[in-house]
Amino acid sequence: MTDTPLSVSASSGGYLVHARPGVLDEVGAIVGSLTVGGAVAVVSDLTVRDLYAERVEGSLAGANLRVASLSVDPGERSKSWETAGRVLEWMSEAGIGRDDAVVALGGGVVGDLAGFCAATYMRGLMVAQVPTTLLAQVDSAIGGKTAVDLAGGKNLAGAFWPPAVVVADPECLATLPDTEWRSGLAEVVKSAVLDSDEAVRMLEADAPALAERRSDAVARAVRMAAGHKARVVSDDEREGGSRESLNYGHTLGHAIERVAGYGTVSHGIAVAEGIRFAASLAERLIGSDREWTARQDALLTACGLPRSGCALDPGRVIEAMRADKKSRGGQVRLVLSSAPGMWEVRAVDDATLADAVDAWCRPQEDGRRS
Ligand code: NAD
Ligand code: GLY
């Protein structure tokens, strides 16, 4: 497997994604080679700080950078306007200047929050994304979307602010709790489905090793999925076209999370259900074959994402699906895949949607979905 950095084109001029085991100890050298200022503001959460801040801060100090650090509470609640205000005030008190840099050390919450603060502090400061969850390494740290949540919904205040670099060390994933690991795996399966038959085959072969988090398989999965995301956002930075495909499985997935109550069904299980749902609808709407549906189902299961048995009200699920950002004029639009590496976005008429969601909400005798 190659260790060459992945490259992303962006309006900022582009950046590299260093995705390889052990690269965490090189954060100092990498960031030091990019910043002209002498200081870095490391933003993390309390869990990640205890696990990795010493190594990262040591590496930054070793590159002669002055390090100021702040850790927020772990979890989505920190992706708030209030926390962003606190981080910005702290940056000012810590004497961070316009030539300095922000290092976002953590999962997607820290990446989105610190990225948003970097976008707004002094009208824009360089940010290095150092993702420590699987989801962040293969998805959220790449592509420049930053945001905080508002009372009215997730990611309602945000900015496109491409990082100057992404440093993703798959070895960090050994300490991830199982739920977070599986959330990332759902994104990895999504990436393979959208990418190519080669990526799906690689994942099928690696699924047992991934279930045990074997380091070689983990590093391959991160590179495959991060590489896919890097290509997609290079092609479509602002989500005017192909970036929409990254929502595969997320229209129903987000609706499940919302209707079940956030935190009740994990993001990974919800997205896995969304992928299964989209796969079976693709048979009806775009003539994909049943084998492709079965193959996606089997891959998800092999990756530790079994079918869910939670019972939800179909009307509320449809209402939540209509709130998806891809909807147009109240009509739900779904990403559908006809074969590995092949996808399209289709508007789904109300009757077909109601039928499909009803079927999905009807538990089989074993408590699983039909
Ligand atoms: P997260 O950042 O909340 O991290 C999950 C948990 O794992 C946290 O408790 C964290 O402390 C812990 N953790 C992180 N790294 C760890 C490690 N190596 N070992 C042990 N524990 C660790 O969640 P997430 O799933 O990484 O990110 C979710 C967020 O990402 C959401 O807010 C979502 O909206 C956002 N997101 C953004 C984009 C984007 O393009 N910007 C894309 C997808 C998701
Ligand atoms: N995770 C979807 C995107 O980055 O566009």
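Read on for an overview of the structure.

Conventions and cut-offs
Residues numbered from 1 in each chain as written. Chains lettered and ligands numbered in written order. Predicted model: local features only at pLDDT ≥ 70, side-chain atom pairs only at ≥ 80, totals over all residues. Heavy atoms only, no water. Near = heavy atom within 4 Å. Polar contact = N/O pair within 3.5 Å; in protein donor to acceptor, adjacent residues only side chain to side chain. Areas by Shrake-Rupley, 256 points an atom, 1.4 Å probe, with all protein chains shown as cover. Helix = DSSP H or I, 4+ residues; strand = E, 2+ residues; numbered from the N terminus. Nonpolar A, V, L, I, M, F, W, Y, C, P; charged D, E, K, R; others polar. Contact = heavy atoms within 4.5 Å. Pairing = 2+ DSSP bridges. Axes fitted to C-alpha atoms, helices over the stretch in contact; angles between N-to-C directions. Salt bridge = Lys/Arg side-chain N within 4 Å of Asp/Glu carboxyl O. Phe/Tyr/Trp six-rings, centres within 6.5 Å; stacked < 30°, edge-to-face > 60°. Buried < 20%, exposed > 50% of the residue type's maximum accessible area, 1.4 Å probe, protein only. Core = buried A, V, L, I, M, F, W, Y, C linked by side-chain atoms within 4.5 Å.

1. Structural notes on the site of ligand 1
No. 1: With respect to spatial proximity, 26 residues lie near ligand 1, and among them Asp45, Glu76, Gly108, Thr133 and Thr175 are the closest.
No. 2: A distance of 2.7 Å separates an oxygen atom of ligand 1 from a polar side-chain atom of Asp45.
No. 3: For ligand 1, a nitrogen atom lies 2.7 Å from a polar atom in the side chain of Thr175.
No. 4: The protein chains hide 86% of the 860 Å² of surface that ligand 1 would expose on its own.
No. 5: Only helix 2 (46-62), helix 4 (108-120), helix 5 (134-140) and strand 8 (153-160) provide two or more residues apiece to the shell around ligand 1.
No. 6: It is helix 2 that provides the largest number of residues to the shell around ligand 1, a total of four residues.
No. 7: Here the residues of the shell around ligand 1 are counted per class, giving nine nonpolar, eight polar and nine charged.

2. Some points on the side chain of Ser288
No. 1: Along the chain, the position of Ser288 falls in the loop between helix 10 (267-286) and helix 11 (290-302).
No. 2: If near-sequence neighbours (up to four positions away) are discounted, Ser288 is found in contact with Ala279, Ala282, Glu283, Ser337 and Ser338.

3. Comments concerning the sheet that holds strand 4 (residues 66-72)
No. 1: In spatial order, the strands read 1-2-9-6-5-3-4; together these seven strands make up an open sheet with mixed pairing. Looking at strand neighbours, the two that pair on one side only are strand 1 (6-8) and strand 4, the edges of this open sheet. Taking the axes of each pair of neighbouring strands and ignoring which way they run, one obtains an average angle of 20° across the sheet.
No. 2: When strand 2 (residues 15-19) meets strand 9 (residues 165-168), the two strands line up parallel, connected through four bridges. Within strand 9, the residue paired with His18 across the bridge is Val167.
No. 3: Lying on the sheet, helix 2 is in contact with strand 3 (39-45), strand 4 and strand 5 (101-106); it crosses strand 3 at an angle near 160°.
No. 4: Sitting on the sheet, helix 3 (residues 81-93) touches strand 3, strand 4 and strand 5, and the angle it makes with strand 4 is about 160°.

4. Considering the pattern of salt bridges
No. 1: Counted under the stated rule, the structure contains 28 salt bridges.
No. 2: Residues Lys190 and Asp139 are paired through a salt bridge, measuring 3.7 Å at the closest nitrogen-oxygen approach. Remark: Asp139 occurs in helix 5 and Lys190 occurs in helix 6 (residues 178-195); sequence separation between them is 51 residues.

5. Describing the pairing of strand 8
No. 1: Of the pairings in the sheet, the one linking strand 7 (residues 145-150) to strand 8 comprises five bridges and is antiparallel in character. In the strand pairing of strand 8, Ala147 is matched with Gly158.
No. 2: Connecting the antiparallel pair strand 7 and strand 8 is a turn made up of two residues.

6. Quick word on the site of ligand 2
No. 1: The full set of residues close to ligand 2 is Asp139, Lys145, Lys229, Glu239, Arg243 and Leu246.
No. 2: Between ligand 2 and the protein, one listed contact pairs an oxygen atom with a side-chain N or O atom of Lys229 at 2.5 Å.
No. 3: Class assignment of the residues belonging to the shell around ligand 2 gives a composition of one nonpolar, no polar and five charged.

7. Overview of the packing of aromatic side chains
No. 1: Within the structure shown, the criterion is met by one aromatic pair.
No. 2: Residues Trp81 and Phe116 carry aromatic rings whose centres are separated by 6.2 Å and whose planes lie at 45° to one another, so their mutual orientation is tilted. A residue pair is termed long-range when its members are at least 10 positions apart, and Trp81 in helix 3 and Phe116 in helix 4 qualify at 35 residues.
No. 3: A residue is classified by how much of its surface remains accessible, and Phe116, at 7% relative accessible area, is buried.

8. What to know about the nonpolar core
No. 1: Of all hydrophobic cores here, the largest spans 77 residues; its most connected members are Leu134, Val188, Leu203, Phe277, Val317 and Met321.
No. 2: Ranked by the residues each element gives to this core, the list is headed by helix 10, at 11 residues.
No. 3: Beyond its immediate stretch of four places on either side in the chain, Met321 contacts Thr251, Leu252, Ala255, Phe277, Ser327, Val332, Leu334, Leu353 and Val357.

9. What to know about the side chain of Ser80
No. 1: Mapped onto the elements of the fold, Ser80 is located in the loop between strand 4 and helix 3.
No. 2: At 2.7 Å, the side chain of Ser80 and the side chain of Thr83 are in polar contact.
No. 3: Beyond its immediate chain neighbours, meaning those up to four positions away, Ser80 contacts Leu113, Val148 and Asp149.

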